[in-house]
Amino acid sequence: MNKYTLVALSVAGGFLSGLAWSSWCSGLILLIAFVPFLLIETWMFENRGKFSRNAFFIYLLPGLVLFSIMTMGWMRVASMTGAVCVIMGLSFLMAFALWLFHVIRLQAGNLPGFISLITIWLSYEFISLNVNIVSPWINLGNGLAKDIMFVQWYELTGTAGGTLWILLSNLFLSLFIVNHLAGEKRSGLFLVIWLSVILIPAGVSLTRYYTIKNEGTTASEVLIIQPNTDPYTEKFTVPFEVQLQKVISMANAAATEKTVWIITPETTIDDPVNLDDLNENRYIRKFRELTGKYPGATLVTGMVSYRIYPDQSEAPTKSARKTDSSGSYYDHFNSAFKIDTGNLIEVYHKSKLVPGIEMQFANGPGRFISRILPYLGGTKWGYGIQEERTCLNHNTLRQKIAPIICYESVFGNFVTGYVKNGAEALFIITNDGWWKNTNGYIQHLHYASLRAIETRRPVARAANTGISCIIDIRGRITAQSDWWSPAVIRGEIIPETRVTPYVKYGDWLLKISALTSFIMLLAIFIILPVRKKIR
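Everything numeric in this text was worked out from a predicted model, so none of it was measured. (Residues numbered from 1 in each chain as written. Predicted model: local features only at pLDDT ≥ 70, side-chain atom pairs only at ≥ 80, totals over all residues. Heavy atoms only, no water.)

Describe the overall build of the protein chain, with residues and values.
A tally of helices and strands in the protein chain yields 16 helices and 14 strands. Against the compact-globule benchmark of 24 Å for 535 residues, the protein chain has a radius of gyration of 25 Å, which places it among compact chains. Counting all 535 residues of the protein chain, 59% fall into the buried class. Of the contacts formed within the protein chain by residues at least 6 apart in sequence, a portion of 72% connects residues at least 24 apart. Carbon and sulfur atoms form 60% of the exposed surface of the protein chain, whose accessible area is close to 22400 Å². One way to put it: in the protein chain the 48 positive side-chain charges average out to a point 10 Å from where the 37 negative ones average out. (Helix = DSSP H or I, 4+ residues; strand = E, 2+ residues; numbered from the N terminus. Rg over C-alpha atoms; globule rule 2.2 N^0.38 Å. Buried < 20%, exposed > 50% of the residue type's maximum accessible area, 1.4 Å probe, protein only. Contact = heavy atoms within 4.5 Å. Areas by Shrake-Rupley, 256 points an atom, 1.4 Å probe, with all protein chains shown as cover. Lys, Arg positive; Asp, Glu negative; His and termini not counted. Charge placed at Lys NZ, Arg CZ, Asp CG, Glu CD.)

Please set out helix 11 (residues 282-293) residue by residue, giving values where relevant.
The terminal C-alpha atoms of helix 11 lie 17 Å apart, and with twelve residues this matches the ideal 16 Å at 1.5 Å per residue to within 8%. Taken as a whole, helix 11 has its buried residues at Tyr283, Ile284, Phe287, Arg288, Leu290 and Thr291. The arc enclosing the buried residues of helix 11, seen along the axis, measures out at 155°, which places them on a common side. The elements touched by buried residues of helix 11 are helix 10 (240-254), strand 2 (259-263), strand 3 (269-274), strand 4 (298-309) and strand 6 (329-339). (Expected span 1.5 Å × (residues − 1). Arc of directions from axis to C-beta.)

Tell me about the pattern of salt bridges, residues and numbers included.
Scanning the model with the defined rule gives 15 salt bridges in all. Two residues, Glu155 and Arg456, come together in a salt bridge whose shortest N-O distance is 3.0 Å. Of this pair, Glu155 sits in helix 7 (residues 154-157) while Arg456 is found in the loop between helix 14 (439-455) and strand 11 (459-463), placing the two residues 301 residues apart along the sequence. Each member of the pair, Glu155 as well as Arg456, carries the same accessibility label: buried. Residues Lys235 and Asp270 are paired through a salt bridge, measuring 4.0 Å at the closest nitrogen-oxygen approach. Of this pair, Lys235 sits in the loop between strand 1 (220-226) and helix 10 while Asp270 is found in strand 3, placing the two residues 35 residues apart along the sequence. When sorted by exposure, Lys235 lands in the same class as Asp270, which is buried. (Salt bridge = Lys/Arg side-chain N within 4 Å of Asp/Glu carboxyl O.)

I'd like a rundown of the nonpolar core, residues and numbers included.
Judged by nonpolar contacts, the single largest core of 127 residues is most densely connected at Met72, Trp121, Trp137, Leu140, Ile263 and Phe427. In terms of residue count, helix 5 (residues 80-108) provides more of this core than any other element does, 13 residues in total. Setting aside residues no more than four positions away along its own chain, Trp121 makes contact with Phe34, Met94, Ala97, Leu98, Ser116, Leu140, Thr163 and Leu167. Ranked by size, the runner-up nonpolar core spans 30 residues in total, among them Ile284, Ala297, Leu299 and Ile345. (Core = buried A, V, L, I, M, F, W, Y, C linked by side-chain atoms within 4.5 Å.)

Please give an account of unusual backbone geometry that cites residues and values.
The peptide bond linking Gly466 to Ile467 adopts the cis configuration, its omega dihedral lying at -5°. With respect to the element layout, Ile467 can be found in the loop between strand 11 and strand 12 (469-471). Backbone geometry places Trp484, a non-glycine residue, at a positive phi of 55°. Among the secondary structure elements, Trp484 is positioned in the loop between strand 13 (477-480) and strand 14 (487-493).

So what's going on with the environment of Val503? Residues and values would help.
Within the element layout of this structure, Val503 appears in helix 15 (residues 501-505). Relative accessible area serves as the criterion here: at 1%, Val503 is assigned to the buried category. Along the primary structure Val503 and Phe414 are separated by 89 residues, whereas in three dimensions their C-alpha atoms are 9.7 Å apart. Those residues in contact with Val503 that lie beyond four places of it in its chain are Thr416, Val419, Lys420, Glu454 and Thr455.

Before we move on, could you go through a nonpolar patch on the surface and cite the residues and values that matter?
A contiguous nonpolar patch, built from Leu515, Phe518, Ile519, Leu522, Phe525, Ile526, Ile527, Val530 and Ile534 and spanning about 830 Å² of accessible area, is present on the exposed surface. Within the secondary structure layout, Leu522 lies in helix 16 (residues 508-534). The exposure class of Leu522 is partly exposed, given its relative accessible area of 32%. (Patch = residues over 30% accessible without salt bridge, like charges linked within 9 Å, V, L, I, M, F, W, Y side chains within 5 Å.)

Explain the packing of aromatic side chains to me, and be specific about the residues and the numbers.
Summed over all chains, the structure comprises 20 aromatic pairs. Summarising the aromatic geometry, the rings of Phe34 and Trp121 are spaced 5.5 Å apart at their centres and angled 85° between planes, so their arrangement reads as edge-to-face. Here the residue Phe34 occupies a position in the loop between helix 2 (30-33) and helix 3 (35-46), and Trp121 occupies one in helix 6 (residues 110-130), the gap between them amounting to 87 residues. Note on Trp137 and Trp435: the rings are 5.6 Å apart at their centroids and 85° apart in plane angle, and the pair reads as edge-to-face. (Phe/Tyr/Trp six-rings, centres within 6.5 Å; stacked < 30°, edge-to-face > 60°.)

Explain helix 3 to me, and be specific about the residues and the numbers.
Taking 1.5 Å of rise per residue, twelve residues should cover 16 Å, and helix 3 covers 16 Å from first to last C-alpha, within 8% of that figure. Along helix 3, the positions that sit buried rather than exposed are Val35, Pro36, Phe37, Leu38, Leu39, Ile40, Glu41, Thr42, Met44 and Phe45. Taken together, the buried residues of helix 3 touch helix 1 (3-19), helix 2, helix 4 (55-72), helix 5, helix 6 and helix 8 (159-181).

With reference to specific residues and values, describe the confidence of the model for the protein chain.
Of all residues in the protein chain, 95% have pLDDT values of 70 or greater, and the mean over the chain is 92. Every residue in residues 374-378 scores below 50 in pLDDT, and together they form 16 contacts with partners more than four places removed in sequence or on other chains. (pLDDT = per-residue confidence, 0-100.)

Please provide a residue-by-residue account of the pairing of strand 1, values included.
For strand 1, the tally of buried residues reaches seven of seven residues, placing the bulk of the element in the interior. Neither face of strand 1 is left uncovered, since the one carrying Ser220, Val222, Ile224 and Gln226 and the one carrying Glu221, Leu223 and Ile225 both have all their residues buried. Bridging between strand 1 and strand 14 involves seven bridges; their strand directions are antiparallel. Considered in strand 14, the bridge of Ser220 is made with Ile493. Alignment of strand 1 against strand 2, held across four bridges, turns out to be parallel. Each bridged residue has a counterpart across the sheet, and for Glu221 the counterpart in strand 2 is Thr259. (Pairing = 2+ DSSP bridges.)

In structure tokens:
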């Protein structure tokens, strides 16, 4: 292979991988998409005298940058600078993970190398889920979000299982191709293994998809309001009272005496509400008037809130800032409110914040990130968070729901925290209008199906500009709205109480991979070289 062939293979790998996040191509293409990258690695491994160790990293970049552009390019509608930085950052991290696999294979041979391909990539995904400045948006397991019939076993592994499936498929397919081209007899064995890797998990998932049943028996009517307020023009120019009246009018036109839940989107009202004076707030009084007409209904809505900490000489929280007038510390929150006819208002504060947009950094690289990332409904002051995954309770039925706000729905293990605290359904409130008519809002929609499968909980999703929907425990969308149009969905969910292995054990596969990678790197690059020197 010459350098042009190597670059062409890299671009092919990036293009095939990016297709999985498009609106029209099946994510199952990921089962073969990384083969071009692995063919490059094999060629460089077999001709290692002609290439430096860093050459693989360089040849990976064109493909991985293309992959990132195809999957995250929608960020450009808000900030071209932010999009470029995120795309390049993710590309370098993915290239580094694959480069480490190549170096380990060079250093320790085939078996440790192939094991490290799996464990190091999964370790990268573990980092993306747990380090704030890295996004898990394009973790490979997410690419199968449209193909719910084939990933029902996410209830056991989470999206990490999908990543493992993808990497194993690509590895054995590449081994078959390489050995077949070399005329090796064992190529047939690799073909059989590859087909088994594809067919066995798919067959198990299809069986589960068609046989799983609801354990709950009582259906609850939910009313989802999609007001379609343009976040770039109307949200901060049209009076908040007018925006609220539109939401209430839509609810009144569709609610019935059977309605159990009324759900409105994230930041339905962006005029901050004082958490220490909720009962006197004019917006909350309006919502209470609405629920008063339907005593059996409880409303879940998104609003911005704040709390002032008087007489505090030091910041009481990491996110607290000083006011300009009184000098007191205060926090702002992106919150979900439960409102009904009772006096108790329950509140949950969004706790997975978008880095640099909702979560402000004080210094260092974080300050740079805060400046370059786009403004997507964040604040100049940043939001506070809470540690506990609080469930919201129905006023009479004792049902508990998970109030998941926007970006939080991308984190599977994070969502299991609500279920562990008793959530019987997942309510996702979001405002995807910031991304305009791009693949961003479509990808975000499909990730909700993965959360339904992992937890076996029905999902009710209220999105300001769409797509709002209801999702069953198989991850199947049973009702949905159109994009960028006012809409109301009235449908039913069946609350569930079962506990899946993924809810119980979380990202166990990622943790095992991270530990294995650490031990492998320690042994290969520190312990073994030291022993050789001693001898």
